[in-house]
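Coordinate analysis (summary)
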Amino acid sequence: MLLEVSGLTTRYGSISALRDVSLSVGDGEVVGLIGPNGAGKTTLLNTVAGLLPPAAGTVVFDGTDVTGAAPEQMLKSGLALVPEHRRIFADFTVAENLRIGGITLAATERAEMLEEVVEVFPFLRSRWDAMAGYLSGGEAQQLAIARALMCRPRLLLMDEPSLGLAPVLVDAVFELIAELRDRGRTLLVVEQNAARMLDVADRAYVLRSGAVVGQGAGSGLLAETDLFDTFVRGSAA
Amino acid sequence: MTELVQNLIDGLGRGSIYALLALGVAVVFGVMHLLNFAHGELITVSGYAAYAAFSNGWSWYLVAPLIVVVSVITNLLIERIAFSRVRGSSEFTQLLTSFGIHFLVAAIFLMYVGARVQTFAEPGWIADTYSVGPVRVEVFDTVVIIVAIVTLVLTAAVLQRTMFGLSIRAAAADFDAARLMGVNSDRVIRGAFALSGALAGIAGIFWLMRAGHTSPTSGINPMLSGVLAALIGGLGSLKGAVIGGLALGLAEVMLRTWLPGGAAALTQGVVFSLIALLFIFRPGGLVNVAHAERV
């Protein structure tokens, strides 16, 4: 397994946002992480990426124990996070956003990667010198993903990539996830849009109140857990 | 008219020094959200280094680079010894720490060197002037303005064109997002302190040249000017820091000339009143920093 999380607990003060969470992601897999608002999905990604210190449990990446490592160390070992709300640098140009994404690379490698991500996201070339703050929501999301890909991650964590996007752009995001999957990328994706995520993922974990309450593949997962109502009817209402 | 031009040049010269100090304050504030009240101590420490060097027969040409080097090293040491230990604490804790360093440095020199003001010779050309038409211009102001412009252009180039500059700007915009990109937090903070120290060092050369002395409390005035100018410009904005520095320098010089005879001694008080007024109408300073992406 590329990523092995076991018994992970994360606390905000005295409140446990994650309780004894275990999950794994294999090389080349696309794994979904679904669950209602406040289930701890973002907390899980942020803890794995090193933004939050775990209170208990271990994170093993590619056979090495990286529990509690700083975000920059996690990135160096090959794990990149597209954070919640994208957090692209609004005052930077598109090109600068991509360059900072490749800061850990040597200059020649960085230039190669710029070519590579522009191939995946052709619109970036036409907006090369535009301020990232002026991009549309869909473009900004693509830039955030492109920026994370710049460092040649072996595992890409994505936090709600479809959040706040118009329906047609949501389609584009899921097409992109499918494309990255077909290119052999390893992804761990947090999504509220459970049904759509289960379509593109190899398998998924269901998180509720900070704990894993189900796992499996395909739309059967929703029926198996008692979360069908929360997700499907709840989000449609 | 002649007097106005003369005052403008004088104010720009003074303001250039403030701008370099303010820029150093702003660089550190941007990356760490620390308003560094210990910034002026860089001038205290390098002032004593300059005094020691002069006592050993050094000339200004050797002392000037020494001041920059000492200022950079001092700032890195202050970061290592003090600020690195309160990193991640509340902004108030960091602020108090910077106050602590400010007083501590003064106390160390007071205890181990003494309260006496240590003087050294100003360079011979400091009072020289030359004429441009009816305007008499100080060589000193000219040198200060040219050096400040070159320093600002170089700093801008570093911040805009190098990966180091990009990482400083990224860390200032969103520290966690920068770390997620692989920006090393230790390295970027140390880099910010080194840059800030270098800028204070260059400002310090001219500050010490003009003052011609150093004492345990030498850091107060440059600290006040740098912090105030950064606040006037709008904390977090590098452009604002430069504008704030120039504005402060010009305001001081203009007020000194325009205030009626007896009131000229109140220049400082009037400047502070103007700053208070500015903050009433523009609490964010002259240049507002948008944090649209900050959530």
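The present account deals with the structure reproduced in this document. Just so we're clear, the structure is a prediction, and the values are computed from it rather than from any experiment. (Residues numbered from 1 in each chain as written. Chains lettered and ligands numbered in written order. Predicted model: local features only at pLDDT ≥ 70, side-chain atom pairs only at ≥ 80, totals over all residues.)

**Observations regarding the environment of valine 173 of chain A**
Residue and element names in this part refer to chain A. For the record, the criterion: Secondary structure is summarised from DSSP: a helix means a run of H or I of at least four residues, a strand means a run of E of at least two, and numbering begins at the N terminus for each. Two residues qualify as a contact pair if the distance between their C-beta atoms, derived from the backbone, is within 7 Å.
Mapped onto the fold, valine 173 is located in helix α7 (residues 167–182). In the structure, valine 173 is positioned 48 residues away from leucine 221 in sequence and 22 Å away in space, judged by C-alpha atoms. Those residues in contact with valine 173, other than ones at most four positions away along the chain, are Gln141, Pro161, Ser162 and Leu165.

**Focus on the packing of helix α10 (residues 238–258) of chain B against helix α11 (residues 267–281) of chain B**
Residue and element names in this part refer to chain B. In plain terms, the rule: For every element, the axis is a line fit to its C-alpha atoms; helices are fit only across the contacting stretch, and the angle between N-to-C directions ranges from 0 to 180 degrees. Geometric relationships in this document are graded by angle, where less than 35 degrees denotes roughly parallel, more than 145 denotes roughly antiparallel, 65 to 115 denotes roughly perpendicular, and other angles denote oblique. Should the near helix be turned counterclockwise from the far one by less than a right angle, the crossing is left-handed, whereas a clockwise turn marks it as right-handed.
At a minimum axis distance of 9 Å, the contact between α10 and α11 shows a crossing angle of 130°. In terms of orientation, α10 and α11 fall into the oblique class. Read as a crossing pair, α10 and α11 show a hand that is right-handed. Residue-level contacts link Ala251, Glu252, Leu255 and Arg256 of α10 to Thr267, Val270, Val271 and Leu274 of α11.

**Things to note about the pairing of strand β9 (residues 203–208) of chain A**
Residues and elements named next belong to chain A. Short version of the rule: Each pair of strands is called paired provided DSSP finds at least two bridges between the two strands.
Pairing geometry for strand β3 (residues 30–34) and β9, over 4 bridges, is parallel. Bridging across to β9, leucine 33 finds its partner in tyrosine 205. Of the pairings in the sheet, the one linking β9 to strand β10 (residues 211–216) comprises 5 bridges and is antiparallel in character. Across the sheet, the residue bridging to alanine 204 is glycine 216, located in β10. Following β9, the chain reverses through 2 residues before pairing antiparallel with β10; serine 209 in that reversal takes a positive phi of roughly 45°.

**Topic: the interface of chain A and chain B**
As a reminder of what qualifies: Each residue gets one label: Ala, Val, Leu, Ile, Met, Phe, Trp, Tyr, Cys and Pro are nonpolar, Asp, Glu, Lys and Arg are charged, and the others, such as Gly, are polar.
Between chain A and chain B, the contact holds 23 residues from the first and 18 residues from the second. Mapped by element, the contributors of at least two residues to the side of chain A that touches chain B are α2 (71–77) and α3 (94–101) of chain A. Its residues assigned to classes, the side of chain A that touches chain B shows 13 nonpolar, 4 polar and 6 charged.

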